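Spelled out from the first residue to the last, the chains are:
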Amino acid sequence: QVQLVESGGGLVQAGGSLRLSCATSGRFFSSRIMGWFRQAPGKEREFVAAISWSTTVYADSVQGRFMISRDNAKNTVYLQMNSLKPEDTAVYYCAAAPSTLGIRSPSAYNYWGQGTQVTVSS
């Protein structure tokens with residue numbers, strides 16, 4: 001059974017940093033595109049970042065502040081979030097996709113974690 005488990009969320013002041021982690025099943029991880037999405041109350045789930053084997057893609061709203069990375073030996077994907085803003089407050093989800101097609105859309109991903117809350121205070 002494929003599992004994605006996020007961790008690292010919490011409460012931080014504006015300007016601060018957090019690093020999210022997403023641990024996955026071993027056989028599953030190396031063949032997948034990994035992405036991070038977020039969903040704020042009353043809003044749709046939105047793309048944050050994605051990583052293939054060597055390429056990263058970011059939403060304009062986080063470009064230059066967030067960095068996605070993966071450690072294939074640990075079957076884990078990370079999201080380093082710097083210069084956090086109150087508008088970054090959301091539940092952050094890790095997801096896995098079988099290909100790079102449409103990776104900015106939630107519909108491209110077929111496995112999801114349970115989410116981790118990130119709250120940025122002003």
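Definitions and limits used
- Residues numbered from 1 in each chain as written.
- Predicted model: local features only at pLDDT ≥ 70, side-chain atom pairs only at ≥ 80, totals over all residues.
- Heavy atoms only, no water.
- Pairing = 2+ DSSP bridges.
- Helix = DSSP H or I, 4+ residues; strand = E, 2+ residues; numbered from the N terminus.
- Axes fitted to C-alpha atoms, helices over the stretch in contact; angles between N-to-C directions.
- Phe/Tyr/Trp six-rings, centres within 6.5 Å; stacked < 30°, edge-to-face > 60°.
- Buried < 20%, exposed > 50% of the residue type's maximum accessible area, 1.4 Å probe, protein only.
- Lys NZ or Arg CZ within 6 Å of the ring centre and 35° of its normal.
- Lys, Arg positive; Asp, Glu negative; His and termini not counted.
- Salt bridge = Lys/Arg side-chain N within 4 Å of Asp/Glu carboxyl O.
- Contact = heavy atoms within 4.5 Å.

Chemist: Which residues make up the sheet that holds strand S7 (residues 66-71), and what values do they have?
Modeler: Strand-to-strand pairing in sheets goes through backbone hydrogen bonds, with the strands running parallel or antiparallel. Here we have four strands laid out as an open sheet, ordered S1-S3-S8-S7, and antiparallel in their pairing. Looking at strand neighbours, the two that pair on one side only are strand S1 (4-7) and S7, the edges of this open sheet. Across this sheet, the average inter-strand angle for adjacent strands is 15°, counted without regard to direction.

Chemist: Before we move on, can you summarise the packing of aromatic side chains with the specific residues and values?
Modeler: By convention here, two paired aromatic rings are described through the distance between centres and the angle between planes. Across all of its chains, the model carries five aromatic pairs by this definition. With centroids separated by 6.0 Å and ring planes inclined at 55°, the aromatic side chains of Tyr109 and Trp112 adopt a geometry described as tilted. With relative accessibility at 5%, the residue Tyr109 sits in the buried group. These aromatic residues form a ring-pair network of at least three members: Phe37, Phe47, Tyr93, Tyr109 and Trp112. A cation sits over an aromatic face here: Arg45 above Tyr93, 3.8 Å from the ring centre. Taking the ring centre of Trp112 as reference, the NZ or CZ of Arg45 above it sits at 4.8 Å.

Chemist: Give a detailed account of the pairing of S7, specifying residues and quantitative values.
Modeler: Residue alternation in S7 divides its side chains into a buried set, Phe66, Ile68 and Arg70, and an unburied set, Met67, Ser69 and Asp71. In terms of strand pairing, S7 meets strand S8 (residues 76-81) through six bridges, oriented antiparallel. From the neighbouring strand, Arg70 faces S8, where its bridge partner is Val77. Counting the residues between successive antiparallel strands, the hairpin from S7 to S8 contains four residues, one of them, Asn75, with a positive phi of roughly 55°.

Chemist: With reference to specific residues and values, describe the side chain of Arg32.
Modeler: With respect to the secondary-structure elements, Arg32 resides in the loop between helix H1 (26-29) and strand S4 (33-39). For the buried Arg32, which has no salt bridge, the nearest side chain bearing the opposite charge is Glu6, at an N-O separation of 15 Å. Aside from chain neighbours lying at most four places away, what touches Arg32 is Arg70, Ala96, Ala97, Pro98, Asn110 and Tyr111.

Chemist: Tell me about the pattern of salt bridges, residues and numbers included.
Modeler: Under the defined criterion, the tally for this structure stands at three salt bridges. Residue Arg65 is joined to Asp88 by a salt bridge in which the shortest nitrogen-to-oxygen separation is 2.7 Å. Here Arg65, found in the loop between strand S6 (56-58) and S7, pairs with Asp88, found in the loop between S8 and strand S9 (90-97); they are 23 residues apart in sequence, far enough to count as distant. A relative accessible area of 11% means that Arg65 is categorised as buried. Residue class for Asp88 comes out buried when judged on its relative accessible area of 1%. Each of Arg38, Glu46, Arg65 and Asp88 takes part in a single network of salt bridges with overlapping partners.

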